[in-house]
Amino acid sequence: MKLTPSYLVTKLFPAKQLLIRQHGEVKVVEMSTTKQCMFALGVLTCIGALASFGAYNFWQQTQLQHTSGDVLAENEQLKHELQQARLAQDELIVKLGHLEQRQQLTQSVLATLPASLMPEQGLPFEATDVSDSNIDTRVARLTQGHDNTFTLLDQVIAKREQALSEAIARAGLPQTVMDELLEKSEQAIAQGGPLELILDDQQTDTSMDVVDRLLTLNQLETMLAQVPHVLPAADYYISSSFGLRKDPMNGRRAMHKGVDLAAWRNTEIFAPAEGTVVRAGRNGGYGRFIEIEHANGFSTRFGHLNEIKVKRGDTVTKGQVIALMGSTGRSTATHLHYEVLHNNKHINPVKITKALTDVFKEQRYTE
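**Student:** A description of the overall build of the chain should follow, citing residues and the corresponding values.
**Tutor:** When you go through the chain residue by residue, the secondary structure sums to 6 helices and 14 strands. Counting every position in the chain, which comprises 367 residues, the buried fraction comes to 32%. At a minimum sequence separation of 6, the contacts of the chain that also span at least 24 residues come to 66%. When the accessible area of the chain is evaluated, it comes to approximately 23,400 Å², of which 54% is carbon and sulfur surface.

**Student:** Would you mind going over the layout of surface pockets in detail, with residue names and values included?
**Tutor:** The space that makes up the largest pocket amounts to roughly 450 Å³. Forming the boundary of the largest pocket are 24 residues, of which R245, H256, D260, H304 and R330 lie nearest the centre. Elements with a contribution of two residues or more to the lining of the largest pocket: β3 (237-240), β5 (253-256), β6 (259-262) and β13 (336-342).

**Student:** Tell me about the pattern of salt bridges, and please be specific about residues and values.
**Tutor:** Under the definition given, this model contains 9 salt bridges. The closest approach of N and O atoms between E307 and K309, which form a salt bridge, is 3.4 Å. Judged by relative accessible area, which is 45%, K309 ranks as partly exposed. Through salt bridges that share partners, D154, E161 and R213 make up one connected network.

**Student:** Can you explain the side chain of D260? Please cite residues and give values.
**Tutor:** Take D260: it is sitting in strand β6. The class of D260 is buried, set by a relative accessible area of 7%. Here R245 takes part through its side chain, which lies 3.3 Å from a polar atom of the side chain of D260.

**Student:** Please give an account of the side chain of E221 that cites residues and values.
**Tutor:** Take E221: it is sitting in helix α5 (residues 205-225). The buried category is assigned to E221, whose relative accessible area is 9%. For E221, the side chain forms a polar contact with the side chain of R160, separated by 2.7 Å.

**Student:** Break down the pairing of β6 for me, citing the residues and quoting the values.
**Tutor:** Side-chain direction in a regular strand flips from residue to residue, so the side chains alternate between the two faces of the sheet. Burial along β6 is two-sided: V259 and L261 and D260 and A262, pointing in opposite directions, are all buried. In this sheet, β6 lies alongside β3 in antiparallel orientation, the contact comprising 3 bridges. Looking across to β6, one finds that Y237 is bridged to A262. Two elements, β6 and β13, share 3 bridges in a ladder whose sense is antiparallel. Bridged to D260 within β13 is H337.

**Student:** Any details on unusual backbone geometry? Residues and values, ideally.
**Tutor:** Positive phi, normally seen in glycine, also occurs at N266, with a value near 70 degrees. Tracing the chain through its elements places N266 in the loop between β6 and β7 (268-270). Taking relative accessible area as the criterion, N266 reaches 35% and is therefore assigned partly exposed.

**Student:** A description of the packing of aromatic side chains should follow, citing residues and the corresponding values.
**Tutor:** A complete count under the given rule lists 3 aromatic pairs for this structure. Judged by centre distance (4.6 Å) and plane angle (50 degrees), the ring pair of Y286 and F289 falls under tilted.

**Student:** Describe the nonpolar core, with residues and values.
**Tutor:** I269, I290, F302 and I322 are the most contacted members of the largest nonpolar core, which totals 47 residues. By residue number, the principal contributor to this core is helix α3 (residues 135-170), which donates 9 residues. In contact with I269, not counting residues within four places along its chain, are P232, A233, F302, L305, Q320, V321, I322, A323, L324, M325 and L336.

**Student:** How would you explain the environment of S241 if you had to name every residue and give the values?
**Tutor:** Positionally, S241 belongs in the loop between β3 and β4 (243-246). Judged by relative accessible area, which is 48%, S241 ranks as partly exposed. Along the sequence, S241 and P349 sit 108 residues apart, while their C-alpha atoms lie 9.2 Å from each other. Look past the residues within four positions of S241 in its chain and what remains in contact with it is H256, G258 and V259.

Parameters and conventions
- Residues numbered from 1 in each chain as written.
- Predicted model: local features only at pLDDT ≥ 70, side-chain atom pairs only at ≥ 80, totals over all residues.
- Heavy atoms only, no water.
- Helix = DSSP H or I, 4+ residues; strand = E, 2+ residues; numbered from the N terminus.
- Buried < 20%, exposed > 50% of the residue type's maximum accessible area, 1.4 Å probe, protein only.
- Contact = heavy atoms within 4.5 Å.
- Areas by Shrake-Rupley, 256 points an atom, 1.4 Å probe, with all protein chains shown as cover.
- 1 Å grid on protein atoms, 1.4 Å probe; cavity = no way out; pocket = protein on both sides within 12 Å on 5 of 7 lines; lining within 4 Å.
- Points joined across faces, edges and corners; volume = space filled by probe spheres on them.
- Salt bridge = Lys/Arg side-chain N within 4 Å of Asp/Glu carboxyl O.
- Polar contact = N/O pair within 3.5 Å; in protein donor to acceptor, adjacent residues only side chain to side chain.
- Pairing = 2+ DSSP bridges.
- Phe/Tyr/Trp six-rings, centres within 6.5 Å; stacked < 30°, edge-to-face > 60°.
- Core = buried A, V, L, I, M, F, W, Y, C linked by side-chain atoms within 4.5 Å.

This is how it looks when you write it as C-alpha cells:
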C-alpha cells in the first residue's frame, strides 16, 4: 500500500462519533477527518500565534534592554564630557586669572616708567593679534606678549642704569653716591596713600626682578633730580674755572674750589635745587654770601653778591631768585663765585651740571 498524504491524514484523524449526554438525552456528534484536521490546524495556528507573540515580545524586551544600555552608556559619556568641559572651563578661568594678574602688573609697570624710558611713540612692542585664535592659543600669545614686554623693559632699564652710572662718574661724584641716594630714598618722608599691593604669586621671577629694578631706578632718578645740577644764573659766561689757577689778586698758584660766572651787575641768581638757607650775610673774602643746604648731603655756596633776597632758615625752591650779582668781597669785577659740595667735599659745578643736565635731557628711550 502506498503512503499517500490522504492516507496519512485518514490514519491520523479517523472519523469518530462523540456521544454527549445532556439533560437525559444522548446526542451524537460526528467528528469527520476533515473537521479533525481543521480543528488541529486551528490549534496549531493558535499555538504558532502564541509562540510568535512570545518570541516577538521577547525580542522587544531584548531590544529595549539593548536600547536602555545604549542610553545609559550615552548618559555616562555625556556626564563624562560635561565633567571634562567643567574642568576645562575651571582651568581656563584659572589661566585667565593668572593672565589678568600679569596684565595688571604690566599696566602698573608701564604707568610707573620714568619719562627717560618712554619713547615718543610708546614702547616699541609688536601688537599681539589674537582675534582669530582659540582660547588656549590666545592665552599663550598674550603670555608671550607679556614676557616680551618685560624682556624689553629689562633692556631699557639696564641701559638707563648704565647712563646714570656714567653721568655720576662724569659729574665727579663717587660711585657710592648711588647707594647713598638709594639708602636715603628708603626714608619714607612725606609719603602715604591707600595700600594697593601687587599680586605676585603668579608672576615670573623675571617679571618681579624687572619690577624691583624699576622701583630702584625710580628712587634713584627721584633722588638725583634733587641734586643741584644747574648753574644758577640766567645769562653769564665762565670767567674762571674750577681747579688750579693763578690767583687774580697776587698771581700765585692757588686752588679755585668753585666756578666764576660773570654777567651784568644785579643779574638774578636763583636756587639750583630745593633747600634750606643756612647762611646769609657777609663772609670774609666771599663778600655778601649765601649757603644753601640741599637734600642728600649736597650744599651750594654763592659769593660776591650785591643784594641778598633770603635769610637764614628760609626754605627755597628750585628756580627761586635768592640774590643779585655783584662784586663784594675779594673780587676784581662783577661775577658770581659758585660752589657745590657733597658731604663737605667740593665738586666741579660745571661737571655735575653738564653730566646730570645731559642725562636728564635724555627724556626719551633710544635704541
